[in-house]
Amino acid sequence: MGAGNNIAVMASGKGSNLQVILEAIQTGTCPVHVRLVISDRAEAGALDIARHAGVPDVLHLNPKDHADRTAFDTACGDAIEAAGCSWIVLAGYMRILSPAFVQRFAGRIINIHPSLLPAFAGADGVGDALDYGVRITGCTVHLVDEVLDGGPILAQAAVPVLDDDTRDSLHARIQAEEHRLYPATLKRMVECGFTIRGRRVIWKNT
Ligand code: GAR
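Draft legend 1. Quick peek at the side chain of S16. Residue placement: S16 occurs in helix α1 (residues 16-26). Overall, the relative accessible area of 16% leaves S16 in the buried class. Those residues in contact with S16 that sit more than four places away from it in its chain are Q175 and H179.

Following this line, the structure appears as structure tokens:
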């Protein structure tokens, strides 16, 4: 597997998306190599999952150790470059990236968001969709640009909202779709590649 398949994962939370990516790699259904996992939170479950799976570099970087967002992001970016990663995969990373970081890795940062973008961007895509009363929501895998949750869309999956849904029950069903969609999209990304036309992602070799 070439260096072009090396990915860094950035995560702030429990790490279930990281877990399914690592499992898909194990079973041979996702041809990427997780070289590095970075979390901004020491207690993130993602760090334990990464250590347990034997990811070569597992880092907790504390934003409070850095003067500002740009300095923190520079430290993350330096670690990512040192690890030789071609792609940055955000998996529940809950910090807004600085414009300098986005420009440094332009077109190489992927995010998963728990709504059908452009609806319900922001920190609570699940709760905002539930409160709005939409009947269908879902998840989106997209490229990251300078606009929050605003980059070109790689893949989406729809999830119906049920009458008795709570935020947790809805999020659980959205996560089931995320766990299918994220490894499949990473596979397609490294195996097929894509070009961008306007805002549209055009997949190659499909
Ligand atoms: C996921 O549902 C992801 O879509 C969401 O955080 C969760 C992380 O779960 N991301 C965002 O809301 C980003 N704005 P995980 O830690 O179990 O992978």
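There's more to say after this.
Draft legend 2. Structural view of the state of the cysteines. If you walk through the whole model with that rule in mind, you get 0 disulfides. We note that C76 lacks a disulfide partner, and the nearest cysteine sulfur, in C85, lies 12 Å from it. By relative accessible area, C76 is classed as buried at 0%.

Draft legend 3. The arrangement of the nonpolar core in detail. If you look at the biggest cluster of nonpolar residues, it comprises 41 residues, and the most contacted ones within it are I7, Y182 and L186. When residues of this core are assigned to their parent elements, the largest contribution, 6 residues, is made by helix α6 (residues 167-191). Excluding residues within four positions of it along the chain, L186 makes contact with I7, I21, C30, V32 and V89. If you look at the next biggest cluster of nonpolar residues, it comprises 20 residues, including M10, I88, V102 and F105.

Draft legend 4. Main features of the site of the ligand. For the ligand, the set of nearby residues contains 14 residues, the closest of which are G15, S16, N17, H171 and E178. Side-chain polar atom of H171 to an oxygen atom of the ligand: 2.8 Å apart, as the coordinates give it. A distance of 2.4 Å separates an oxygen atom of the ligand from a polar atom in the side chain of E178. For the ligand, whose accessible area on its own is 450 Å², the fraction buried by protein is 91%. Residue assignment for the shell around the ligand shows that the elements contributing at least two residues are α1, β5 (109-113) and α6. It is α6 that contributes the most residues to the shell around the ligand, 3 residues altogether.

Draft legend 5. Fine view of the side chain of E178. Looking at where E178 falls in the secondary structure, it is placed in helix α6. For E178, the contacting residues outside a window of four places in its chain are N17, I112, H113, P114, C139 and P183.

Draft legend 6. Main features of helix α5 (residues 125-132). Taken together, the buried positions of α5 are G125, V126, G127 and A129. With its phi angle positive at about 95°, G133 sits one or two positions after the end of α5.

Draft legend 7. Layout of the pairing of β5. Where burial is concerned, most of β5 is hidden: 5 out of the 5 residues are buried. The alternating pattern of β5 places I109, N111 and H113 and I110 and I112 on opposite faces, both of which are buried. Relative to β5, strand β4 (residues 87-90) runs parallel, the two being bridged by 3 bridges. Its bridge partner being in β5, L90 is matched across the sheet by N111. Between the parallel elements β4 and β5, the chain passes through helix α4 (residues 99-104) in a crossover that is right-handed. Relative to strand β6 (residues 136-143), β5 runs antiparallel, the two being bridged by 4 bridges. Considered in β6, the bridge of H113 is made with T140.

Draft legend 8. The environment of E43, seen in detail. The residue E43 is located in the loop between β2 (33-39) and α2 (45-53) in this model. C-alpha separation for the pair E43 and D73, spaced 30 residues apart in sequence, amounts to 19 Å. Side chain to side chain, E43 and R41 meet in a polar contact 3.1 Å long.

Parameters and conventions
- Residues numbered from 1 in each chain as written.
- Predicted model: local features only at pLDDT ≥ 70, side-chain atom pairs only at ≥ 80, totals over all residues.
- Heavy atoms only, no water.
- Helix = DSSP H or I, 4+ residues; strand = E, 2+ residues; numbered from the N terminus.
- Buried < 20%, exposed > 50% of the residue type's maximum accessible area, 1.4 Å probe, protein only.
- Contact = heavy atoms within 4.5 Å.
- Disulfide = S-S within 2.5 Å.
- Core = buried A, V, L, I, M, F, W, Y, C linked by side-chain atoms within 4.5 Å.
- Near = heavy atom within 4 Å.
- Polar contact = N/O pair within 3.5 Å; in protein donor to acceptor, adjacent residues only side chain to side chain.
- Areas by Shrake-Rupley, 256 points an atom, 1.4 Å probe, with all protein chains shown as cover.
- Pairing = 2+ DSSP bridges.
- Right-handed = clockwise from strand over helix to strand, strands pointing away.

This is a description of form; function is not addressed.
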